[in-house]
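# Fold and geometry: a report
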Amino acid sequence: EKKLEEEARERLRAAQGEIWCRPPFNLRVKIKGCRHLPKTDTFGKCDPYCVVLIGSDERKTNRKDKTYDPDFDEELDFKVKRPQTLSVSVWDWDRGKSDELVGTVDIPIGKLKPETKEISIP
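Residues numbered from 1 in each chain as written. Predicted model: local features only at pLDDT ≥ 70, side-chain atom pairs only at ≥ 80, totals over all residues. Heavy atoms only, no water.

## With respect to the overall build of the protein chain
Put simply, the test is: Where helices and strands are cited, they refer to DSSP runs of H or I of at least four residues and of E of at least two residues respectively, numbered from the N terminus. Buried means the residue's accessible area, taken with a 1.4 Å probe over protein chains only, is under 20% of the maximum for its type, while exposed means over 50%, and partly exposed covers the values in between. Pairs of residues are marked as contacts when any of their non-hydrogen atoms sit within 4.5 Å. What sets the accessible areas is the Shrake-Rupley method with a 1.4 Å probe; for residues, cover comes only from the shown protein chains.
Secondary structure assignment for the protein chain yields 1 helix and 6 strands. In sequence order, the secondary structure elements of the protein chain are arranged as α-β-β-β-β-β-β. Looking at the protein chain as a whole, 32% of its 122 residues are labelled buried. Here the analysis covers contacts within the protein chain between residues at least 6 apart in sequence; of these, 58% occur between residues at least 24 apart. For the protein chain, the exposed area adds up to about 8600 Å²; of that, 49% sits on carbon and sulfur atoms.

Here it is in structure tokens:
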């Protein structure tokens, strides 16, 4: 019953134009890079990597050492099973202590139009 209610609500949101992409579908996320990351360490440069999260499905890019302008050029594939949020966060790796969060952006996947090929985040 609960599942039927949830599906009915999803159909209503889709009919109202709130949801463009109806799950399930495959989503390929390409992380190109970052520019002008802030200085987070007292000594040395940033050692950034990205964490991409959809629901409980998490993927990480490789770390780029000693740069404020990393080029990742990595593709991460996800299976989207329901309307969710794509969360991309940039972290600064630190040896011997906790990694530091540099920034995060959240994108509601259901609002992406099927023809969307690229989203640039300033």
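Don't stop here, the text continues.
## Some details on the environment of Lys45
Along the chain, the position of Lys45 falls in the loop between strand 1 (25–33) and strand 2 (48–54). Sequence spacing of Lys45 and Lys66 is 21 residues, and the spatial spacing of their C-alpha atoms is 4.6 Å. For Lys45, the residues in contact, after removing those within four places along its chain, are Lys66, Thr67 and Tyr68.

## Details of unusual backbone geometry
Positive phi values are uncommon outside glycine, yet Lys66 reaches one of about 50°. Position of Lys66 relative to the elements: it lies in the loop between strand 3 (57–60) and strand 4 (71–80). Residues other than glycine seldom take positive phi values, yet Asp73 does so here, at roughly 45°. Structurally, the position occupied by Asp73 is in strand 4.

## So, the pattern of salt bridges
To keep things clear, this is the line we draw: Whenever a carboxyl oxygen of Asp or Glu lies within 4 Å of a side-chain nitrogen of Lys or Arg, that contact is scored as a salt bridge.
Going through the model one piece at a time under the given rule, you end up with 5 salt bridges. Here Asp71 ties to Arg35 by a salt bridge, and the two come within 2.4 Å at their closest N and O atoms. Here Arg35 lies in the loop between strand 1 and strand 2 and Asp71 lies in strand 4, a separation of 36 residues in the sequence. According to the relative accessible area criterion, Asp71 is partly exposed, its value standing at 44%. Owing to a relative accessible area of 46%, Arg35 belongs among the partly exposed residues under this scheme. Taking the shortest distance from any N to any O, the salt bridge between Arg63 and Asp65 comes out at 2.7 Å.

## Side note on the environment of Pro23
Take Pro23: it is sitting in the loop between helix 1 (2–15) and strand 1. Put simply, Pro23 and Ile109 are 86 residues apart on the chain and 9.7 Å apart in space, counted from C-alpha to C-alpha.

## A look at the environment of His36
By the secondary structure assignment, His36 is in the loop between strand 1 and strand 2. The exposed category is assigned to His36, whose relative accessible area is 71%. Taking C-alpha positions, His36 is 9.0 Å from Pro70, a pair spaced 34 residues apart along the chain. Residue contacts for His36: discarding those within four places in its chain leaves Tyr68 and Asp69.

## Re the sheet that holds strand 2
The condition is simple: A pair of strands is treated as paired once DSSP finds two or more bridges between them. Interaxial angle, 0 to 180 degrees, is taken between N-to-C directions of lines fitted to C-alpha atoms, where a helix line uses only the stretch in contact.
Taking strand neighbours across the sheet as the criterion, the 4 strands line up as 3-2-5-6 in an open arrangement whose pairing is antiparallel. Of all strands in the sheet, those bounded by a partner on one side alone are strand 3 and strand 6 (100–108). Strand-to-strand twist of the sheet, defined as the mean angle between neighbouring strand axes without regard to direction, takes the value 15°. Pairing between strand 5 (residues 85–92) and strand 6: 8 bridges, direction antiparallel. The residue bridging Ser87 from the neighbouring strand is Asp106, located in strand 6.

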